[in-house]
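Given next are the chains, with one letter for each unit.
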Amino acid sequence: MATPNNVTPTNCSWWPISALENDAGKSMETEEIQDPAHPAFRSKDRLVLYHWTQSFSSQKVRLVIAEKGLPCEERDVSMPLTEHKEPWFMRLNLGEEVPVIIHGDNIISDYNQIIDYMEKTFTGENVAQLIPEAGSLLHSRVMQYRELLDSLPMDAYTHGCILHPELTTDSMIPKYATAEIRRHLANASTDLLKLDHEEEPQLTEPYLSKQKKLMAKILEHDNVNYLKKILGELGMVLDQIEAELEKRKIEYQGQKCELWLCGCVFTLADILLGATLHRLKFLGLSKKYWEDGSRPNLQNFFERIQKRFAFRKVLGDIHTTLLSAVVPNAFRLVKRKPPSFFGASFLMGSLGGMGYFAYWYLKKKYI
């Protein structure tokens, strides 16, 4: 029977040991309790988040958790290492997507349901309410901008800006990423064709269908005319938000309070806007949309939200975002498959190369 928030309670007695160990990015070897059947693992107050640091939906959920001040065990599921396709994770979410949360016996894998669940479940005097009471003016504003911001095609912006860096300025993404994605696209066509003619018991038709749809989506995002179209539409959305921020200044003129998108209260709408601006800056679009002085309210908003504790905790310094994703994956790959002497030599050379790249990249940015 579904709960009021449309989440079906699921018994977690099968919770896989690999999901609690280093396959999920966090070893349990240093913890006192290692048995997933232990009552501590079934605590109704225990909140576990499976996410990937660079997943946009994961970042928004992590910001919600941080702003509410909730104790949460975070387990990184590396998409580059395809951990989301491993059996232990597919038991949590057959859709092979992050984020996923487990709270007691509830497993929730839909991004919007996760946010609604946390807002309805975790309440109290010392817990921030990010969605105002229904029926209020503030609530209608928050829901309006929640829908608007969540409707932005962030995956298209991301793929498009990587494939067409000429449309960006000071992107944090290294230039080799463009060539790497194009190489994968070229190989994907051949690989999928082979899979269609081979008997692979572990590859089902839904999996093949999903991979084909994903490739088709990226190819669409590679269309520069399509990218220019959606970036133009993004500009209109940011114009609307700029005007909304200006309205708040007029509405609360003379009052001593910190102004946010929907009022004097920090809400879910601000989290979504902050995460969106952070991603746009990472992609090299901030100078086009607000750092050129065309949207001063938006620029002021971004400068202020970056100073919030939750924002700094979850997203950190934007200039090291890429490194925070690459380096841990390299070490986790070694931990999963201990290399031979030759492999170890190759790995150390690769890490040395990454270290050199990191030095060169940061030197270029700051020196």
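Above this note sits the structure.
Note that residues are indexed from 1 along each chain, following the sequence as it is written. In keeping with the model being predicted, local features are shown solely for residues with a pLDDT of at least 70 and side-chain atom pairs are shown and tallied solely at 80 or more, while totals for entire chains, interfaces and linings include all residues. Hydrogens and water molecules were not included; the side-chain quantities draw on all heavy atoms of the structure.

A.B. asks: If you had to explain the state of the cysteines to someone new, which residues and values would you point to?
C.D. replies: To count as a disulfide, a pair of cysteine sulfur atoms needs to be within 2.5 Å. Taken as a whole and judged by the stated rule, the model has one disulfide. The disulfide that involves Cys257 links it to Cys264, with 1.9 Å between the sulfurs.

A.B. asks: Report on the nonpolar core, specifying residues and quantitative values.
C.D. replies: Think of a nonpolar core as a cluster: buried Ala, Val, Leu, Ile, Met, Phe, Trp, Tyr and Cys residues, connected wherever their side-chain atoms sit within 4.5 Å. The buried label goes to any residue with under 20% of its type's maximum accessible area, the exposed label to any with over 50%, and the partly exposed label to all in between, with areas taken from a 1.4 Å probe on protein chains only. Formed by 66 residues in total, the largest nonpolar core has its most connected members in Met118, Tyr157, Ile241 and Leu277. For the purposes of this entry, the term helix denotes a DSSP run of H or I that reaches at least four residues, the term strand denotes a run of E that reaches at least two, and both are numbered from the N terminus. Residue contributions to this core peak at ten residues, all from helix α10 (residues 268–283). Contacts between residues were defined by any pair of non-hydrogen atoms, one from each residue, lying within 4.5 Å. Aside from chain neighbours lying at most four places away, what touches Leu277 is Leu238, Trp290, Leu298, Phe301 and Phe302.

A.B. asks: Describe the packing of helix α6 (residues 154–163) against α10, with residues and values.
C.D. replies: The angle between the axes and the distance between the axes are what describe a pair of packed helices. Convention adopted: a line fitted to C-alpha atoms gives each axis, helices being fitted over their contacting stretch, and angles between N-to-C directions are expressed from 0 to 180 degrees. Two numbers describe how α6 lies on α10: the axes approach to 10 Å, and their chain directions differ by 15°. The angle between the axes of α6 and α10 places the two elements in the roughly parallel class. The two elements α6 and α10 meet at a crossing, and its hand is left-handed. Listed contacts from α10 to Met154, Tyr157, Thr158 and Cys161 of α6 are Thr276, Arg279, Leu280 and Leu283. Each residue gets one label: Ala, Val, Leu, Ile, Met, Phe, Trp, Tyr, Cys and Pro are nonpolar, Asp, Glu, Lys and Arg are charged, and the others, such as Gly, are polar. Broken down by class, the residue content of the contact of α6 with α10 amounts to five nonpolar, two polar and one charged. Here the word oblique covers every angle except those under 35 degrees (roughly parallel), over 145 (roughly antiparallel) and from 65 to 115 (roughly perpendicular). Note: crossing handedness is left-handed where the near helix turns anticlockwise from the far helix by less than a right angle, and right-handed where it turns clockwise.

A.B. asks: Talk me through the sheet that holds strand β4 (residues 106–108); I want residue IDs and the actual numbers.
C.D. replies: Paired through their backbone hydrogen bonds, the strands of a sheet run either parallel or antiparallel. A strand pair is defined by DSSP finding two or more bridges across the two strands. Taking strand neighbours across the sheet as the criterion, the four strands line up as β2-β1-β3-β4 in an open arrangement whose pairing is mixed. With one partner strand each, in any of the chains shown, β2 (73–76) and β4 form the two edges of the open sheet. Across the sheet, the mean angle separating the axes of adjacent strands is 15° when strand polarity is ignored. Note: strand β3 (residues 100–103) against β4, three bridges, orientation antiparallel. Considered in β4, the bridge of Ile101 is made with Ile108. Against the sheet, helix α2 (residues 56–68) engages β1 (47–51) and β2, with an angle of about 155° to β1.

A.B. asks: I'd love a proper account of the packing of aromatic side chains, names of residues and values included.
C.D. replies: Side-chain rings of Phe, Tyr and Trp, where Trp is taken by its six-membered ring, are said to pair if the distance between their centres is within 6.5 Å; with planes under 30 degrees apart they count as stacked, over 60 as edge-to-face, and otherwise as tilted. The full count for this structure, using the stated rule, is three aromatic pairs. Between Trp260 and Phe266, the aromatic rings sit 5.0 Å apart at their centres with planes inclined by 90°, giving edge-to-face as the arrangement. Measuring from ring centre to ring centre gives 5.5 Å for Trp260 and Phe301, while their planes differ by 90°; the resulting arrangement is edge-to-face. Remark: Phe301 occurs in helix α12 (residues 296–305) and Trp260 occurs in the loop between α9 (224–251) and α10; sequence separation between them is 41 residues. Judged by relative accessible area, which is 3%, Trp260 ranks as buried. Connected via pairs of aromatic rings, a cluster forms that spans Trp260, Phe266 and Phe301. Think of it as a cone above the ring: NZ of Lys or CZ of Arg counts as a charge over the ring if it is within 6 Å of the ring centre and within 35 degrees of the ring normal. The lysine or arginine in question, Arg304, covers the ring of Trp260, its NZ or CZ lying 4.4 Å from the ring centre.

A.B. asks: So, helix α4 (residues 111–121): which residues are in play, and what are the values?
C.D. replies: Taken together, the buried positions of α4 are occupied by Tyr111, Ile114, Ile115, Tyr117, Met118 and Glu119. Tucked inside the fold, the buried residues of α4 contact α2, β3, β4, α5 (137–150) and α10. Throughout this description, a polar contact denotes any pair of N or O atoms lying within 3.5 Å of each other; where both atoms belong to protein, one of them has to be capable of donating a hydrogen while the other can accept it, and for residues adjacent in sequence the pair is counted only when both atoms sit in side chains. Regarding α4, its N-cap is Asp110, as a side-chain oxygen of that residue lies 3.2 Å from the backbone nitrogen of Asn112 further along.

A.B. asks: I'd like a description of the side chain of Glu242, backed by residues and values.
C.D. replies: Structurally, Glu242 can be placed in helix α9. Not counting residues up to four positions away in its chain, the partners in contact with Glu242 are Arg295, Pro296, Asn297 and Leu298.

A.B. asks: Please provide a residue-by-residue account of the pairing of β1, values included.
C.D. replies: Here β1 lies mainly inside the structure; five of its five residues are buried. On β1, burial covers both faces: Leu47, Leu49 and His51 on one face and Val48 and Tyr50 on the other are all buried. By the bridge criterion, four bridges tie β1 to β2 in an arrangement that is parallel. Along β2, the bridge assignment pairs Val48 with Glu73. For the crossover that starts at β1, traverses α2 and ends in the parallel β2, the hand is right-handed. Think of it like this: strands point away, you trace from the first strand over the helix to the second, and a clockwise trace means the crossover is right-handed.

A.B. asks: Outline the environment of Glu291, supporting the account with residue identities and numerical values.
C.D. replies: Tracing the backbone through its elements, the reader meets Glu291 in the loop between α11 (286–289) and α12. Owing to a relative accessible area of 29%, Glu291 belongs among the partly exposed residues under this scheme. Once the C-alpha coordinates of Glu291 and Lys281 are considered, the two residues, ten residues apart in sequence, prove to be 9.6 Å apart. For Glu291, the residues in contact, after removing those within four places along its chain, are Lys281, Ser286 and Gln299.

As far as function goes, none of this settles anything; it's purely spatial.
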